[in-house]
Amino acid sequence: MACEVKTTCPYCGVGCGVIARVDDEGSVSVKGDPEHPANFGRLCSKGSALAETLDLDGRLLHPEIGGRRAGWDEALNLVARRFAETIAEHGPDSVAFYVSGQLLTEDYYVANKLMKGFIGSANIDTNSRLCMSSSVAGHRRAFGSDTVPGAYEDLELADLVVLTGSNLAWCHPVLYQRLAAAKASRPEMKVVVIDPRRTMTADIADMHLALAPDSDVALFNGLFAHLAVSGAVDQNYISAHTRGFAEAFAAVSALDLAELSALTGLSQAQLRDFFRLFETTEKVVTCYSQGVNQSASGTDKVNAIINCHLATGRIGRPGMGPFSLTGQPNAMGGREVGGLANMLAAHLDIEKSVHRDLVRRFWGAPALAGKPGLKAVDMFRAVADGRIKALWIMATNPVVSMPDADAVEAAIRACPFVVVSDILRETDTARHAHVLLPSLGWGEKDGTVTNSERRISRQRAFLDAPGEARPDWWQLAEVGRRMGFSQAFAHASPAEVFAEHAALSGFENDGRRDFDIGAHAAIDKAAYDDLKPFQWPQPRGTQPRERRFFAEGGFYHADGRASFVAVDASVSRRANDTYPYTLNTGRVRDHWHTMTRTGKSARLSAHIAEPFAEIHPRDAEKLAVADADLMRIESPYGRAIVRALITERQAEGSLFVPMHWNDQFASKGRIDALVPPVTDPVSGQPASKNVAVKATRFEARAYGFAVSAEKPQGVDAAYWAIARAEGGWRLELAFAEQQADWIGWCRRVFSIPAGTEPIGYTDRQSGELRLAFFDGERLLAALFLATRPVAVARNWAVSQLRASHTDLGTRFAVAAGRPGAGREDPGATVCSCFSVGVNQITAAIRDGCHSVQAIGERLSAGTNCGSCRAEIRGIIDGCLAAAAE
Ligand SMILES: Nc1nc2c(c(=O)[nH]1)N[C@H]1C(S)=C(S)[C@@H](COP(=O)(O)OP(=O)(O)OC[C@H]3O[C@@H](n4cnc5c(=O)[nH]c(N)nc54)[C@H](O)[C@@H]3O)O[C@H]1N2
Ligand SMILES: Nc1nc2c(c(=O)[nH]1)N[C@H]1C(S)=C(S)[C@@H](COP(=O)(O)OP(=O)(O)OC[C@H]3O[C@@H](n4cnc5c(=O)[nH]c(N)nc54)[C@H](O)[C@@H]3O)O[C@H]1N2
Ligand code: SF4
Ligand SMILES: [Mo]
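- Per an unreviewed UniProt entry, the recorded name for the protein is Molybdopterin-dependent oxidoreductase, and the organism is Sinorhizobium chiapasense.
- The UniProt entry for the protein carries this comment under Sequence similarities (unreviewed entry): "Belongs to the prokaryotic molybdopterin-containing oxidoreductase family. NasA/NapA/NarB subfamily."

Below, the structure is given as structure tokens:
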């Protein structure tokens, strides 16, 4: 029977409410939940495409031991036994869990309890170390707790929104849309974007400050000095609620504009304008994300920002405050359960004996960890050098996402015992596991997540568990029980875990700790199933209510005051003579992390189908790299091969490469292989956005593009990248040598049945070769080769996989690689909801559609999720500028 279930999107930290509908035939569709206070019905491109990522293709459906299918009992017994033996022989610190901000709070709680309370080590760290740990550290230095003071509404209420190190348009698209809508209704509202490159987010900015990499501390220290000198500081707030102002001011007071300009690469006029705008606008929100966190000075950047808000008392009031945008759906929940190696559950501090004692008593823990454990980068070092001998990796793919990724892979490969819990059977990490445990994925599992504004929402199951997959919390609790802790891990449902977590948050709290959801300590299954999204805190005996922190002080340092932190403005330049470029890494609009889920969607894969490097035209010229050429990028740690995307949006001297591509989708796209294991000294967060590299043009003898109905197998090319496409797959290729037998190559790679003859065409002079294989009217595969990057119209070629080729003419058109009359090439996909390509948009612009709205009316592009609206605006601007020249 058809049913509708309210749940929460599993992607970014905006935490949008989703209504999933399963119809009578079992097919799933999703829409935004109009009642959810994060999105009020909106969804972005990734959220809208959720239903396309739920197929069982590639899923891990049974436990495996050493590559063979095993039963749950056997697998769990083995995990429990190997962990127990390793601990008995080498002590509790010889084992570790590496978990994820994509776990649900209940999973995370059980993992943390098992490691820190019962195994007796704090060697549990999470991919949030790579994501949020600088924010956590900065919050704790300033506030005495890891508290996000404000709410999303503040972005709408502010008169100035500063976005620094955040590509909100692509990474938090629904929040970006809320901001864009607020700005459209109140045009006097100002937006400043601070990012070395001009991202899509900059398109709504009144001011884009393309600062030099990692010069944020200098910029915000300069702002702090300006605020102090111009009299914009709030002396009452400073004296009533803070400490350390004088020291922090002393650290910045000598900075003059000339020096700041040299440090940040911004002109004095830009600095003056920004400082003045901030000074004269009371309602300011400063949002920040990975351009701030992922840095060797990440924690200092966070404190430099917070200093400016504390100095002006602009915190915790409507439309005001520093705002850390969390990345993963449950980055915040993970912090609440103490998933980081240097935290305890319920925002308690592992380094405080009273806090340890409290948790010990609450859990009845026999072996509460007495000191912080190893942070991610150090954890994998300890795996590499043999200190850690048993490792359980859950809901994260470190072979792709950790810095020094090749070394991380080698460490995992060498580790005596590795357990991986994932939803997929083959990931770059899972292939090295001794034991593979099949987890439930989104739509199958039940639990809670906390979004960036402290709002706890339910994820609810609406699909049956596939195969023998089981929830992550259950796997952990089973292992806990089998290690002899049956009472502590007797939970029978996520509701019971949540109730215990809520009870701990309220235990001996009395308002002394920020995180308190004691109101839910006695929640039963029915109430849990019914739980509406609510913001914490919600102490025992209170009703949910929206509140902000710190407008009236009340910080969590012992004296109740916030700390100013004196931070060093010097900028360390990593690029050098041998490695002259700064490699910056991050995200694209339609892919999620290591692509294990979004890589399944043809629609999402059509936006950007291969790994690329954004490079400034002058740098491209220096390197003799033309558009669509391939580039080799190298650091002392590793190398990658990616497509060149020449654009003035990139700053000279910098390259931007997405973090997403893994070994399943590209030959050499794992960019973290190049990123050194350099971390922030306070937070331990890797500096993934400032890597010294060199770049060269990648020379190939032949370039290719192919489409194939079957997934390409065993592609032996110097460069390849595959992507899902409607009706099959698309493949980009480059070869160091010409092949002697291209037909045989195609037969093998595209699984062409014997006896199927290609139609083809070669031009020996130009080196062009086209081959197309048909099964009756259906295209099986087509390969287009040239000695230069192939210029065939990609989306047109892809669409041929689903077209029927009744007459020989259209088959030859495929082989010729040219759309016939009446078959226009739509161009690269811009709007993934309606599959509208760039060529269609430029044609509409030529026809007089000169606004995003007009394009929407003509082509529907941008009218559903809206994630592509910034790009459409960019295309319009580009076309109109070109026409004006
Ligand atoms: N589409 C999509 N959305 C996502 C994700 C995804 O994988 N795909 N992942 C989610 C997760 S887990 C996270 S953590 C968030 C991340 O969200 P964001 O932090 O917004 O995304 P990034 O692209 O990693 O980096 C943001 C920007 O920081 C800039 N930057 C680089 N160096 C500096 C610097 O020194 N100073 C400043 N001020 N800026 C700099 C980069 O140029 C980049 O544009 O996105 C979440 N949302
Ligand atoms: N160079 C560079 N590196 C980066 C970043 C960057 O900006 N630049 N960003 C960093 C950041 S902010 C982050 S958050 C990380 C993200 O990096 P990862 O966490 O490694 O990336 P994901 O692809 O999200 O990995 C999640 C894994 O969990 C699996 N999975 C999905 N659902 C479930 C489930 O319910 N249970 C279980 N057990 N498994 C599941 C997926 O199949 C996938 O294998 O990358 C970091 N690495
Ligand atoms: S903004 Fe998009 S990815 Fe993020 S939670 Fe909302 S729908 Fe999901
Ligand atoms: Mo993240």
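1. Notes on the side chain of Arg129
Inference 1: Residue position: Arg129 is located in the loop between β7 (124-126) and α4 (133-143).
Inference 2: Overall, the relative accessible area of 1% leaves Arg129 in the buried class.
Inference 3: Looking at Arg129, its side chain comes within polar contact range of the main-chain oxygen of Ser683, at 2.8 Å.

2. Considerations on the site of ligand 3
Inference 1: Neighbouring residues of ligand 3: Cys9, Tyr11, Cys12, Gly15, Cys16, Leu43, Cys44, Lys46, Gly47, Pro173 and Val174.
Inference 2: If you list the elements that add at least two residues to the shell around ligand 3, you get α1 (45-48) and α7 (173-185).
Inference 3: Along the lines of polarity and charge, the residues of the shell around ligand 3 split into eight nonpolar, two polar and one charged.

3. Digging into the pattern of salt bridges
Two side chains bearing opposite charge may form a pair once their charged atoms approach each other closely.
Inference 1: For the coordinates displayed, the defined rule picks out 69 salt bridges.
Inference 2: As a salt-bridge pair, Glu614 and Arg197 come within 3.1 Å of each other at their nearest N and O atoms. Note that Glu614 is positioned in strand β22 (residues 612-615) and Arg197 in the loop between β9 (190-194) and β10 (207-209), a separation of 417 residues in sequence.
Inference 3: Between Arg649 and Asp203 there is a salt bridge whose closest N-O contact spans 3.4 Å. Here Asp203 lies in the loop between β9 and β10 and Arg649 lies in the loop between β24 (639-646) and β25 (654-658), a separation of 446 residues in the sequence.
Inference 4: In the salt-bridge network here, residues are joined through shared partners; they are Asp406, Glu409, Arg413, Asp428, Arg431, Asp663 and Arg670.

4. Focus: the sheet that holds strand β18 (residues 455-459)
Inference 1: Read from one edge of the open sheet, three strands run β17-β18-β19, paired in antiparallel fashion. The open sheet is flanked by β17 (447-450) and β19 (534-535), the only strands paired with a single partner.
Inference 2: Sheet topology places β18 next to β19; two bridges connect them, and they run antiparallel. Opposite Ile456, over in β19, you have Phe534 as the bridge partner.

5. With respect to the site of ligand 2
Inference 1: Not every one of the 33 residues close to ligand 2 is listed here, only the nearest: Ser401, Asp422, Lys445, Thr594 and Asp672.
Inference 2: In the environment of ligand 2, an oxygen atom lies 3.2 Å from a nitrogen or oxygen atom belonging to the side chain of Lys689.
Inference 3: Its free accessible area being 920 Å², ligand 2 has 99% of it covered by the protein chains.
Inference 4: Within the residue set of the shell around ligand 2, elements represented by two or more residues are β15 (417-422) and β21 (581-586).

6. Focus: the nonpolar core
Inference 1: Phe83, Phe97, Leu219, Phe220, Phe274 and Trp392 are the most contacted members of the largest nonpolar core, which totals 118 residues.
Inference 2: Both of domain 2 (64-130 + 331-442 + 467-499) and domain 3 (133-324) provide at least three residues apiece to this core.
Inference 3: Apart from the residues within four sequence positions on either side, Phe97 is in contact with Phe83, Ala111, Leu114, Met115, Ile119, Asn123, Ile124, Asp125, Met379, Trp392 and Leu476.

7. Points about the state of the cysteines
Inference 1: For the coordinates displayed, the defined rule picks out zero disulfides.
Inference 2: Note on Cys865: no disulfide assigned, nearest cysteine sulfur contributed by Cys833 at a separation of 3.7 Å.
Inference 3: A relative accessible area of 6% means that Cys865 is categorised as buried.
Inference 4: The closest cysteine sulfur to the non-disulfide-bonded Cys868 is located on Cys831, 4.2 Å from its own sulfur.
Inference 5: The exposure class assigned to Cys868 is buried, which follows from its relative accessible area of 3%.

8. Details of the packing of helix α2 (residues 72-90) against helix α20 (residues 472-482)
Inference 1: Where α2 contacts α20, the axes come no closer than 9 Å and their chain directions differ by 60°. Once α2 is placed against α20, the crossing between them reads as right-handed. Along its contact with α2, which presents Trp72, Asp73, Leu76, Asn77, Val79 and Ala80, the element α20 presents Trp474, Gln475, Glu478, Val479 and Arg482.
Inference 2: For the contact of α2 with α20, the residue count by class is six nonpolar, two polar and three charged.

Definitions and cut-offs
Residues numbered from 1 in each chain as written. Chains lettered and ligands numbered in written order. Predicted model: local features only at pLDDT ≥ 70, side-chain atom pairs only at ≥ 80, totals over all residues. Heavy atoms only, no water. UniProt positions renumbered as here; feature names shortened; annotations may be inferred. Helix = DSSP H or I, 4+ residues; strand = E, 2+ residues; numbered from the N terminus. Buried < 20%, exposed > 50% of the residue type's maximum accessible area, 1.4 Å probe, protein only. Polar contact = N/O pair within 3.5 Å; in protein donor to acceptor, adjacent residues only side chain to side chain. Near = heavy atom within 4 Å. Nonpolar A, V, L, I, M, F, W, Y, C, P; charged D, E, K, R; others polar. Salt bridge = Lys/Arg side-chain N within 4 Å of Asp/Glu carboxyl O. Pairing = 2+ DSSP bridges. Areas by Shrake-Rupley, 256 points an atom, 1.4 Å probe, with all protein chains shown as cover. Core = buried A, V, L, I, M, F, W, Y, C linked by side-chain atoms within 4.5 Å. Domains from an automatic or database assignment. Contact = heavy atoms within 4.5 Å. Disulfide = S-S within 2.5 Å. Axes fitted to C-alpha atoms, helices over the stretch in contact; angles between N-to-C directions. Left-handed = near helix turned anticlockwise from the far one by under 90°.

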